[in-house]
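# Chain and residue survey
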Amino acid sequence: QVQLVESGGGSVQSGASLRLSCAASGDIFGIYNMAWSREAPGKDRELVAQISSRGMIRYSDSVKGRFTISRENGQNTVHLQMNSLNVEDTAVYFCKLVAGINEYWGQGTRVIVSS
């Protein structure tokens, strides 16, 4: 089993920054990718950013240039630095770990951005 615990969410004003963190523990072996997705009220969950075990990174167009994903392999931790937040970034943010055909999700951390 794999457990993912997110932290760092909160309520901020538009233009502010937040840093989310996700710590993975449990039966983690081999190559795995990590990612952040978000689910805004009334919308489908969308992939925000992902990073492979080799450091290859992808961002959604909506966050490119504002968000930065990074990982600490030795600590099985992934971060999401979010800058220039706007009200459209309001959502619950979920951490995901993909190892082969297996996917693991955290419980989510809420981010609220007010104007």
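This text goes with the structure placed above it.
A short tour of the structure in this document, coming up. (Residues numbered from 1 in each chain as written. Predicted model: local features only at pLDDT ≥ 70, side-chain atom pairs only at ≥ 80, totals over all residues. Heavy atoms only, no water.)

Another aspect to go through is the sheet that holds strand E3 (residues 18–26). Across the sheet, four strands lie side by side as E1-E3-E8-E7; this open sheet has antiparallel pairing. Looking at strand neighbours, the two that pair on one side only are strand E1 (2–7) and strand E7 (67–72), the edges of this open sheet. Averaged over all pairs of adjacent strands, the angle between strand axes in this sheet comes to 15 degrees, irrespective of strand direction. Where E7 meets strand E8 (residues 77–82), six bridges bridge the pair, whose relative direction is antiparallel. Bridging from a neighbouring strand, Arg71 pairs with Val78 of E8. (Pairing = 2+ DSSP bridges. Helix = DSSP H or I, 4+ residues; strand = E, 2+ residues; numbered from the N terminus. Axes fitted to C-alpha atoms, helices over the stretch in contact; angles between N-to-C directions.)

This paragraph deals with the environment of Met82. Along the chain, the position of Met82 falls in strand E8. Between the C-alpha atoms of Met82 and Ala16, which are 66 residues apart in sequence, the distance is 8.4 Å.

What follows is about the nonpolar core. Among the nonpolar cores identified, the biggest contains 28 residues, and Met34, Trp36, Leu80, Met82 and Tyr93 are the most heavily contacted of them. Residue assignment for this core shows that the elements contributing at least two residues are E1, E3, strand E4 (33–39), strand E5 (46–51), E7, E8, strand E9 (91–99) and strand E11 (109–114). Those residues in contact with Met34, other than ones at most four positions away along the chain, are Leu4, Cys22, Ala24, Gln50, Ile51, Ile69, Arg71, Asn76, Val78, Cys95, Lys96 and Leu97. (Core = buried A, V, L, I, M, F, W, Y, C linked by side-chain atoms within 4.5 Å. Buried < 20%, exposed > 50% of the residue type's maximum accessible area, 1.4 Å probe, protein only. Contact = heavy atoms within 4.5 Å.)

Taken by themselves, the reported measurements are silent on function.
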